[in-house]
Amino acid sequence: MTARSHVLDGRAEALAAETDQDRRYDADGFLIEESYDGDQFDREDRAALRRVAGLSTELQDVTEVEYRQLRLERVVLAGVWGEGTAEDAEHSMHELSALAETAGSTVLAGVLQRRMKPDPGTWMGSGKAAELRDIVIEEGADTVIADTELTPSQRRGLEDVVKVKVIDRTALILDIFAQHAKSKEGKAQVELAQLQYLLPRLRGWGESMSRQAGGQAAGGQGMGSRGPGETKIELDRRRINTRIAKLRRELKGMKTMRETKRGSRHAAHVPSVAIAGYTNAGKSSILNRLTGAGVLVQNQLFATLDPTVRRAETEDGRTYTLVDTVGFVRELPHQLVEAFRSTLEEVGDADLVLHIVDGSHPDPESQITAVRSVLADVGAHDVKEVVVVNKADIADPEVVDRILRSEKHALAVSARTGTGFDELAALVARELPRPEIRMELLLPYERGDLLSRIHDDGEVLSSEHTGEGTHVHAKVTPTLQAELATFAV
């Protein structure tokens, strides 16, 4: 294995070709034509905030702030693998490269080391860390991104060697979430996860550790300076803990509101279908295909974070809801799983889960395993699951066939071309729970609204127009049974 990973050529190759739709862009990169994905007003806003290549963020201090240059962060990736195959390690580096570019940086090179056990001090071995430092100097990089979650001591140790900022995979994912969160709940969830990650990693700089005087001697400062002696780092910890407690209270209130909405849907016996899957597998594209929701679609990891609930109908007129959830990734930070737990509970309460898989990915089976592990964490492992292999138009047919054979309930679709969506809609209609209470009714002709309700929320077995009204045999929900009781024959 060479020092630089040959899978990186300065651009992330991990992103597969866009499969959401055919579209054209103008010279500035704005969308000017699309086929069916809705208005997507968010796309122009996000494009307007893009950082420009050639502008960067320099860490060197300057006297006049006007002379400070701004540019994209130039990063070198670093990975250590002790289990699995070299191919698995390369795939992980591909994904890290895609994450780095999604966060707005330029990937210059990658270093991958085979090591059974990470070094407790510098994570990589001392020789490989020195080699990494030489690459950073040669490439002119200002950041190193580690393909795992580093301990605070490992991060400091590696920074001491490479002499530039070091962040880990968890911090990178949190940064992407912070950029893409839009709703009040989403922003609060991301901030909570960031603070939980930051708390054990606080560190003081020089005299800031003892900014507040204290102790009996009071540092030789004399009268009026003796006090409890709270250091700056202790003050920061207390403020972070206070903020975490406040965010948890706010999220608890938001959870109550979400449960109230969910409860009203349950009371009306509206079936729910949750769309879950690996990030960039095409969940939002499939939601737009099925409902015309107009949710932002972009060939990026974690392009959409906030859950979207849309109303849909089966071919026979039954109403159900489609819920698009946040995407998953290997080693999804546990802080995010905890913070987004109330959102992910939508999956656990669903009647059916459409598990979207990127058929064009080099290792789709590992994506399926990663998603199912997160679903198990939030109690959604017992929900009926259908594996939907997306991007079938560009995927290897042998890979698609292998997944279809290995999964009990599975089918292949393409959100870009529309292939397989008739079968998907039929499968959803077949798997949704049906009303079970049989009723024989005689509805007056002036109560056509009730007949419409039966068509929408129940199942009409037969109907006949008579002199007294419409004679109907139907299967209905408990809510409808109560409303129709006076018309029962």
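What counts, and where the lines are drawn
Residues numbered from 1 in each chain as written. Predicted model: local features only at pLDDT ≥ 70, side-chain atom pairs only at ≥ 80, totals over all residues. Heavy atoms only, no water. Helix = DSSP H or I, 4+ residues; strand = E, 2+ residues; numbered from the N terminus. Contact = heavy atoms within 4.5 Å. Core = buried A, V, L, I, M, F, W, Y, C linked by side-chain atoms within 4.5 Å. Buried < 20%, exposed > 50% of the residue type's maximum accessible area, 1.4 Å probe, protein only. Pairing = 2+ DSSP bridges. Axes fitted to C-alpha atoms, helices over the stretch in contact; angles between N-to-C directions. Salt bridge = Lys/Arg side-chain N within 4 Å of Asp/Glu carboxyl O. Arc of directions from axis to C-beta. pLDDT = per-residue confidence, 0-100.

Caption draft 1: Geometry of the overall build of the protein. Along the backbone of the protein there are 15 helices and 15 strands. Long-range pairs, those at least 24 residues apart, make up 67% of the contacts in the protein between residues at least 6 apart in sequence.

Caption draft 2: Geometry of the nonpolar core. Core analysis: the largest hydrophobic core is formed by 58 residues, its most contacted members being Phe302 and Phe328. In this structure Phe302 touches Leu99, Ile173, Ile176, Phe177, His180, Thr279, Gly327, Val329 and Leu332, once residues within four positions along its chain are discounted. Ranked by size, the runner-up nonpolar core spans 21 residues in total, among them Val273, Tyr320, Ile356 and Leu432.

Caption draft 3: Structural view of the pairing of strand β8 (residues 308-313). The pairing of β8 with strand β9 (residues 319-324) spans six bridges and is antiparallel. Looking at β9, one finds that Arg310 is bridged to Leu322. Hairpin geometry of β8 and β9 is characterised by an intervening segment of five residues between the two adjacent antiparallel strands and by a positive phi of about 90° at Gly317.

Caption draft 4: Region of the structure containing the environment of Val386. Locating Val386 in the fold gives a position in strand β11 (residues 385-390). When its relative accessible area of 1% is taken as the criterion, Val386 is described as buried. Note: C-alpha distance between Val386 and His409 (23 residues apart in sequence) is 5.1 Å.

Caption draft 5: Structural view of the sheet that holds strand β13 (residues 437-443). Read from one edge to the other, the open sheet built from three strands follows the order β13-β15-β14, with strand pairing classed as antiparallel. Strand pairing shows two members of the sheet lacking a second neighbour, β13 and β14 (459-465), which therefore form its edges. Strand-to-strand twist across the sheet, computed as the mean angle between neighbouring axes with direction ignored, equals 15°. Against the sheet, helix α14 (residues 448-457) engages β13, β14 and β15 (470-476), with an angle of about 155° to β13.

Caption draft 6: Seen up close, the pattern of salt bridges. Counting across every chain of the model gives 17 salt bridges. The closest approach of N and O atoms between Arg115 and Asp119, which form a salt bridge, is 3.6 Å. Take Arg115: its relative accessible area is 26%, and that puts it in the partly exposed class. Between Arg243 and Glu191 there is a salt bridge whose closest N-O contact spans 2.8 Å. Of the two residues, Arg243 is situated in helix α7 (residues 232-267) and Glu191 in helix α6 (residues 184-198); the sequence distance between them amounts to 52 residues. Among the residues examined, Arg243 registers a relative accessible area of 28% and is labelled partly exposed.

Caption draft 7: Local environment of helix α12 (residues 397-406). Within α12 the residues assigned to the buried category are Val399, Val400 and Ile403. Here the buried residues of α12 occupy an arc of 100° about the axis, which is enough to place them on one side. In α12, the exposed residues that point more than 90 degrees away from the buried face are Pro397, Glu398 and Arg405. Where the residues of α12 are buried, they touch β10 (352-358), α11 (364-377), β11 and β12 (410-412).

Caption draft 8: Region of interest: the pairing of β9. Extensive coverage of β9 is indicated by the burial of six of its six residues. Sheet topology places strand β7 (residues 272-277) next to β9; four bridges connect them, and they run parallel. Counted as the bridge partner of Ala274 is Val323 from β9.

Caption draft 9: Just the confidence of the model for the protein, in detail. Confidence in the prediction for the protein averages 77 pLDDT; 75% of positions are at 70 or higher. The low-confidence segment residues 9-36, where pLDDT is below 50, has 77 contacts with residues more than four positions distant or belonging to other chains. Here residues 52-70 scores under 50 on pLDDT; set against residues more than four positions off or in separate chains, the count is 22 contacts.

Caption draft 10: Expanded view of unusual backbone geometry. Unusually for a residue other than glycine, Asn280 sits at a positive phi of about 65°. Here Asn280 is to be found in the loop between β7 and α8 (283-291). Relative accessible area serves as the criterion here: at 15%, Asn280 is assigned to the buried category. The backbone of Lys391 sits at a positive phi, close to 65°, despite the residue not being glycine. In this structure, Lys391 sits in the loop between β11 and α12. Using a relative accessible area of 2% as the deciding quantity, one classes Lys391 as buried.

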